[in-house]
Amino acid sequence: MTTTTADITRIVAVRRAAATRRQGVAAGLILALLAAFAMALYLGDYPVAAQGIIQSLLSPLTGLADRGVDFIVLQVRLPRAVLAILAGASFALAGIIFQTLLRNPLASPDIIGIAHGASASAVFCIIILGWSGLAVSLGAFAGAVLTALTIYLLAWRNGVTAFRVVLIGIGMAAMLAAVISYLFTRARLNEVQQAMAWLVGSLNAARPADSIVLGGAMLVLVPLMIALLRGLDAMELGDDTARALGAKVETTRLGLMLVAVGFAAFATAAVGPVGFVAFVSGPLARSLLKGAGRGFLQAALVGALVMLVSDLVAQHLLPTVQLPVGVVTGACGALFLLWLLMASGRSGRVN
Amino acid sequence: MTRLMAEAINIRTHKAVRLTIGLLVLGAALLAITMLSLTTGARAIPPEHVWAALTAFDPSSTEHRIVLDLRLPRTIVGLMVGAALGLSGAVLQGATRNPLADPTILGINAGASLAVVLGVGLMGVSQLSIYVWLAFAGAGVAMLVVYAVASLGREGATPIKLALAGAAITAVLHSIINAILLTSPRTLDEVRFWQVGSLSGRTIDIAIQVAPFMVLGMVLALATARLLDGLSMGDDVARALGQRIGLSRGMAGLAAVILAGASTAAAGPIAFVGLTVPHVARAITGPGYRWILPYSMLMAPILLLGADVLGRIIAPPGEVQVGIVTAFLGAPFFIALVRRRKLAAL
């Protein structure tokens, strides 16, 4: 087979089109995210003019302070919006890493047991130990990491196959869900309510410290992920081929799984196991890309967008009640996905 | 050539004999566990008394009353629910060709839960016998919506679209359930006990209510075995062999929703059984739904009734709900199996 100039021209053209598509999708998502971010700072019970918000945001530089407005913007709305973006992106990255590694769109951390680990641990902390606040977050974090390690160890047998990880994850998920149900039937109603509120996931208690912890974790995890992703191209050809090409299959897979667990665990500790963001972001990003790339960046943007928009809806949908964001992510994410499924008839395939 | 063919036939008959013996063993185990379920409980009743209660019922005997009014209905419901869960899981995994497919993922359980939550929250329903119809209606509607959404578009209900649509609908339904449970403590209090999945307190009325659906679903499910074998070769091959893909999936889906809906109605949402039992069955039988379906149908009630019996004796004087015990009994076994054998991918 000879490669003619015409072939090369065609390949270059296809690659260029793919790159354009990737950039276009990312740019569109960033614009949407910026718009949602502006809305998150602008909307609220206490009306602040756009000018006042900009002045507040710049106040650390300009020194122009208006204590009341600064408090609302810098201490209430900004931390909440930032945490929504960080947590959404983290969930999305955790989801798409697992979905890619395990080659199954259903294999997001909320299905293969990691979210269950965090939840069971948190419910135990709330109902049995009587903890609240930060202690519960720490408990959830430990639960997620411990569950992930257990799944990996149990799945280890001369290496780890994706299929074993998924099935063992499901076994663990069933046991942990049973723990939660059991604790629910044995506790007093007010404890169950408290645990239930945590399980749904909420941004109502967002503090700047949460964003700093999660942001710090992401600063470490994102570069690690980018470095590890290089090995993934070879792995998509199958483990044996990848090994023959010199890729360190086990190291790459273990590394990526640890990174994904890190994303899921830190995000869950910050906002609770907000459902569906991890699951929906990857398939959505990929369908927007239509095969023009793996879509990790785009998935992170989709996750952030879903989370931020969901939180806006949760805050302002009902005039008297502030819903927890986890009630809305399911609905928002699902509407996105349904629209996508319907549209896929015209454009081709999902995922 | 003839020798090779003879050998091939020999191997096939050998396998059929082995698997038939396996089925008989499972049947015997199921009988034994049924007997155990009738004899054990807060008050142990010897087998001969159970037999007497069944054949020569004496209304004045407390033991006879316990057997006939409490344990027999509970055991019958357990047998039906177990068989239904095992079959529906196997059929769904075959129809969607996804090893993770089960009634939970396709929205069936979420639909049932939402209907019950709405019934309790808005209409103040508190009777188990009304839960049955609510759960059944909810499961049916949810599955119809999932299937309709997945069928939109040119290529119809592909496995991946079914799975994604199911997950999406489940998420929406859970959002609504969570919103109701968070705002209505009374509903949460009522539903948390149903949500676990339990066989306790099931009367013979409930068994009679769901029995027709169970039978219909089982017949339909067992009839899809050949269609599922066709689908397992991939849509293109199946189509080339003259199979009507959409019709096959529709029939399998219908069987699964009837079975899963009826079992959720009778015992509450019980996860895990429908998902994992078919994998265990497949590890024993190899591919081929002609064997996977009956194996799943016999193994699942063994797990469910066994778990129920265990739940009655581990925490006296109370009992642990069957949904909790199945997970704790089944999951370690399942994990060990996944580790030991190479379970087949679909």
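Residues numbered from 1 in each chain as written. Chains lettered and ligands numbered in written order. Predicted model: local features only at pLDDT ≥ 70, side-chain atom pairs only at ≥ 80, totals over all residues.

**Q** Help me out: how do you make sense of the overall build of chain B in this one?
**A** Looking only at helices and strands, chain B features 14 helices and zero strands. Walking chain B from its N terminus toward its C terminus, one meets helices and strands in the order α-α-α-α-α-α-α-α-α-α-α-α-α-α. Taken over C-alpha atoms, the radius of gyration comes to 21 Å for chain B, in line with the 20 Å a tight globule of 346 residues would show. The dimensions of chain B, computed from C-alpha atoms along their principal axes, are 70 × 50 × 35 Å. Counting the 346 residues in chain B, one finds 53% classified as buried. (Helix = DSSP H or I, 4+ residues; strand = E, 2+ residues; numbered from the N terminus. Rg over C-alpha atoms; globule rule 2.2 N^0.38 Å. Buried ≥ 20, exposed ≤ 12 C-beta atoms within 10 Å, placed from the backbone.)

**Q** Just checking my understanding: could you explain the nonpolar core for this structure?
**A** Ranked by size, the top nonpolar core spans 235 residues in total, and within it A87(A), L93(A), A264(A), L308(A) and M80(B) carry the most contacts. With 20 residues, helix α3 (residues 67-102) of chain A is the largest single contributor of residues to this core. Beyond its immediate stretch of four places on either side in the chain, L93(A) contacts M225(A), F263(A), F296(A), A299(A) and A300(A). (Core = buried A, V, L, I, M, F, W, Y, C linked by C-beta atoms within 7 Å. Contact = placed C-beta atoms within 7 Å.)

**Q** Help me out: how do you make sense of the interface of chain B and chain A in this one?
**A** A common way to report how large an interface is uses the accessible area buried once the components associate. Contacts between the two partners involve 47 residues from chain B and, on the opposite side, 46 residues from chain A. Residue assignment for the side of chain B that touches chain A shows that the elements contributing at least two residues are α5 (128-151), α6 (159-183), α7 (185-194), α12 (273-285) and α14 (322-340) of chain B. Counting residues per element, the side of chain B that touches chain A draws most heavily on α6(B), at 16 residues. A breakdown of the residues in the side of chain B that touches chain A according to their chemical character gives 33 nonpolar, nine polar and five charged. (Nonpolar A, V, L, I, M, F, W, Y, C, P; charged D, E, K, R; others polar.)

**Q** Any chance you could explain the UniProt feature "transmembrane region" (unreviewed entry) in chain B here in plain terms?
**A** Annotation from UniProt places "transmembrane region" (unreviewed entry) at residues 104-124, 130-150, 162-182, 206-228, 249-272, 292-310 and 322-339 of chain B. Helix and strand shares over residues 249-272 of chain B are 79% and 0% respectively, and the end C-alpha atoms of the span are 22 Å apart. (UniProt positions renumbered as here; feature names shortened; annotations may be inferred.)

**Q** Would you take a moment to explain the packing of helix α5 (residues 134-155) of chain A against helix α6 (residues 162-186) of chain A for this structure?
**A** For any two helices packed against each other, one specifies the inter-axial angle together with the distance between the axes. Residue and element names in this part refer to chain A. Remark: α5 packs on α6, axes separated minimally by 9 Å, with the N-to-C direction vectors making an angle of 135°. In terms of axis orientation, α5 runs oblique to α6. Along this stretch, α5 crosses α6, giving a crossing that reads as right-handed. Between α5 and α6, the residues in contact are T147, T150, I151, L154 and A155 and R164, V165, I168, G169, M172 and L176, respectively. A class-by-class count of the residues in the contact of α5 with α6 yields seven nonpolar, three polar and one charged. (Axes fitted to C-alpha atoms, helices over the stretch in contact; angles between N-to-C directions. Parallel < 35°, antiparallel > 145°, perpendicular 65-115°, else oblique. Left-handed = near helix turned anticlockwise from the far one by under 90°.)

**Q** Explain unusual backbone geometry to me, please; I cannot follow it from the model alone.
**A** When glycine is set aside, most residues are seen to have a negative phi, and most peptide bonds are trans. Residues and elements named next belong to chain A. The phi torsion at F276 lies on the positive side, around 80°, for a residue other than glycine. Its place among the elements puts F276 in the loop between α10 (249-271) and α11 (277-289). The class for F276 is buried, based on 30 C-beta atoms found within 10 Å.

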